Amino acid sequence: MARDSQAALVALNRFGFGARGGASGDLINAASDPRGFVKAELVRASGVLLEAPGLQSTQQLGQAVFAYQDQVRQAREAAKAAAPAETPPPAPTEQKPGLRRNLSLNAAATEVAGQMTEAKPADNKPADNAARPDAMQPNAAAPPAAKPAPQPLNVIQKTFRSEALARLQRATLATCGFTERLVAFWSNHFCISATKGELARIWAGAFEREAIRPHVLGRFADMLKAVEQHPAMLFFLDNQQSLGPDSRAGQNRKRGLNENLAREIMELHTLGVGGGYTQEDVTSLARIITGWTFAGRQGQLGTPGSFVFNANAHQPGAQMLLGKSYEAAGLVQGEAALADIARHSSTANFIATKFARHFVADDPPPRLVARLREIFVKTDGDLKALAAALVDSDEAWKAPLTKMRSPYDFLVASGRLLARVPEDPGAYLNNLNLLGQPLWSPAGPNGFPDTSAAWAAPEGMKLRLDIAAQMGARLGPNIDPLDLLEFAAADAASIETRRTIERAESRQQALALLLMSPEMQRR
């Protein structure tokens, strides 16, 4: 079979994280059978799961963070009890008038100068200390204070970094990276934000491992249920605060519904804007999922940090949702509603469009969207079949590589090409923050944007160039960028890219230019 370098570039960049450097041979292997190369990862379902030493379950992490919070509280109380009683400061013998507010700059300077003149000695003789070199100089620059020792990481910070490192290492080492791209897509689709609070931050990685990864090659309905019942999502969208107005807890606490989770389930997770639901449907779903919560630190409802159904908070009675009545059945009422929403025609259209937009083009080909929608409906939301249909479509291979890589994709692709498996996540996390895509921390429940315009802004490209230049300065002397170009694209590289690298003034500059080339920035 003839080798097709251009199709191999599409296989690696559009569906994966780009070719690995070193002796991987990714481009050559992909060139022999581009579609088979990508689809090979779909037959290894266990390869999507992520297990690493030290990674703990949501329940274990919940108990750890509750214990940590108790320790912090006890330490503060002890410090407050041990602090000596404050004594009022002695009254000054003479007080100079302070600077008056709202002075002009010249007036302020004049007043300061006047105060300094009053402080000078009456004569012009040097002060005693100035005449003795061995004496302390009151106006001499003090030696720089020693930097305080860095504080040890707490359990929340350690956990977040461990989860981030495991994810980055998996993406860097993957053969093609298609399943890891699928994980990143679904994790952003069903996003939480680690900035919500300590529970969200310590649970961010576990949420992806437990609610996303097991279902990436499974059924959409199963992923939807796992996501909406995960403590991280319930905490992120405040469903633990939602009480049925007529429930026992609602009547006792005089609190009612919180519609955050119900609204995002319909608007962002399934039906999409314009998907045929009304505000009354949002309210009905919010009633249906009251009682979906997680056990707190006291463990009164169950193991701390675990999903529980609190019948005392659940709104009693049947509910009408999207034209269908759901009988009062406690937890099952909500699960039945989610199962039906997962199979709704608007959900199929929303998911197919978003899936094609992510992998192919900001304006995906209508025929491709229609085909993916058909597969989604026909297979009852089989996500493995959906991914295979994408790879099998001619549209996915014919569309030009014009989509801009997200910051995460760009940094992972660079690490793969440079054959550098991260041992510490710090540099990646810092650069993701700098580039506007902090890991697991989107600004809102709609996740990070998925269009080229969002990531191709001039300021963002300038920051990418700065990072590429830093990589070039650090690694360039020991790397031949032309060799890396062969690993990345071979004869699929454009003439312009090859000439630009050849004409670079140094290896450092050439490496930076390679990392900023279309072959590395576009997918």
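This is a predicted model, so every value here is computed, not measured.

1. With respect to the overall build of the protein chain
Helix and strand counts for the protein chain stand at 27 helices and four strands. Buried positions account for 47% of the 523 residues belonging to the protein chain. Partitioning the intrachain contacts of the protein chain with sequence separation of at least 6 by distance along the chain shows that 73% fall at a separation of at least 24. For the protein chain, the exposed area adds up to about 26,100 Å²; of that, 53% sits on carbon and sulfur atoms.

2. Structural notes on the nonpolar core
Counting residues in each nonpolar core, the largest one holds 131 residues, and the members touching the most others are Phe15, Phe178, Trp186, Leu285 and Phe355. Leave out the neighbours within four places in its chain, and Phe178 touches Phe15, Gly16, Val38, Glu41, Leu42, Phe359, Ala387 and Val391.

3. Focus: unusual backbone geometry
Unlike most non-glycine residues, Leu322 shows phi in positive territory, near 55°. With respect to the helices and strands, Leu322 occurs in the loop between strand E3 (319-321) and strand E4 (324-326).

4. As for the side chain of Ser5
As for its position among the elements, Ser5 is in helix H1 (residues 5-14). Take Ser5: its relative accessible area is 15%, and that puts it in the buried class. Each residue touching Ser5, except ones within four places of it in the same chain, is listed here: Ala31, Ala489, Ala490, Asp491 and Ala492.

5. A few points about the pattern of salt bridges
Using the criterion set out here, one finds 27 salt bridges in the structure. Salt-bridge contacts for Arg161 lead to Asp424; the nearest nitrogen and oxygen are separated by 3.0 Å. Residue Arg161 is located in helix H7 (residues 155-173), and its partner Asp424 is located in the loop between helix H20 (407-417) and helix H21 (426-435); the two are separated by 263 residues in the primary sequence. With a closest N to O distance of 2.8 Å, Asp340 and Lys324 form a salt bridge. One end of the pair, Asp340, is in helix H15 (residues 331-342); the other, Lys324, is in strand E4, and 16 residues separate them in sequence. Within this structure, Arg167, Arg170, Glu180, Glu208 and Arg213 form a network of salt bridges that share partners.

6. Topic: the packing of helix H24 (residues 481-488) against helix H26 (residues 507-515)
H26 packs onto H24 with a crossing angle of 20° between their chain directions and a minimal axis gap of 9 Å. It follows that H24 is roughly parallel to H26 by the angle criterion. Here H24 runs over H26; the crossing is right-handed. On H26, the residues touching Pro481, Leu484 and Leu485 of H24 are Arg507, Ala510, Leu511 and Leu514. Residues of the contact of H24 with H26, tallied by class, amount to six nonpolar, no polar and one charged.

7. Overview of helix H13 (residues 260-269)
Counting buried positions along H13 yields seven of ten residues, so the element is predominantly enclosed. For H13, every residue scored as buried is listed here: Leu261, Ala262, Glu264, Ile265, Met266, Leu268 and His269.

8. Looking at the environment of Gly330
By the secondary structure assignment, Gly330 is in the loop between E4 and H15. As a C-alpha pair, Gly330 and Asn310 span 20 residues in sequence and 9.1 Å in three-dimensional space. The contact partners of Gly330, leaving out residues within four places of it in the chain, are Phe309 and His314.

9. Digging into the packing of aromatic side chains
By the definition in use, this model includes 18 aromatic pairs. With a centroid separation of 5.2 Å and an interplanar angle of 40°, the aromatic rings of Phe15 and Trp397 are classed as tilted. Note that Phe15 is positioned in the loop between H1 and helix H2 (26-32) and Trp397 in helix H19 (residues 395-398), a separation of 382 residues in sequence. Residues Phe15 and Trp397 agree in their burial class; the two are buried. Here the aromatic residues Phe15, Phe178, Phe185, Trp186, Phe190, Phe220, Phe355, Phe359, Phe376 and Trp397 are joined through ring pairs into a cluster of three or more. For Arg167, the ring lying beneath its charged end belongs to Tyr408, and the centroid distance is 4.7 Å. One cation-aromatic arrangement involves Arg201 over Phe160; the distance from NZ or CZ to the ring centre is 3.9 Å.

Conventions we followed
- Residues numbered from 1 in each chain as written.
- Predicted model: local features only at pLDDT ≥ 70, side-chain atom pairs only at ≥ 80, totals over all residues.
- Heavy atoms only, no water.
- Helix = DSSP H or I, 4+ residues; strand = E, 2+ residues; numbered from the N terminus.
- Buried < 20%, exposed > 50% of the residue type's maximum accessible area, 1.4 Å probe, protein only.
- Contact = heavy atoms within 4.5 Å.
- Areas by Shrake-Rupley, 256 points an atom, 1.4 Å probe, with all protein chains shown as cover.
- Core = buried A, V, L, I, M, F, W, Y, C linked by side-chain atoms within 4.5 Å.
- Salt bridge = Lys/Arg side-chain N within 4 Å of Asp/Glu carboxyl O.
- Axes fitted to C-alpha atoms, helices over the stretch in contact; angles between N-to-C directions.
- Parallel < 35°, antiparallel > 145°, perpendicular 65-115°, else oblique.
- Left-handed = near helix turned anticlockwise from the far one by under 90°.
- Nonpolar A, V, L, I, M, F, W, Y, C, P; charged D, E, K, R; others polar.
- Phe/Tyr/Trp six-rings, centres within 6.5 Å; stacked < 30°, edge-to-face > 60°.
- Lys NZ or Arg CZ within 6 Å of the ring centre and 35° of its normal.

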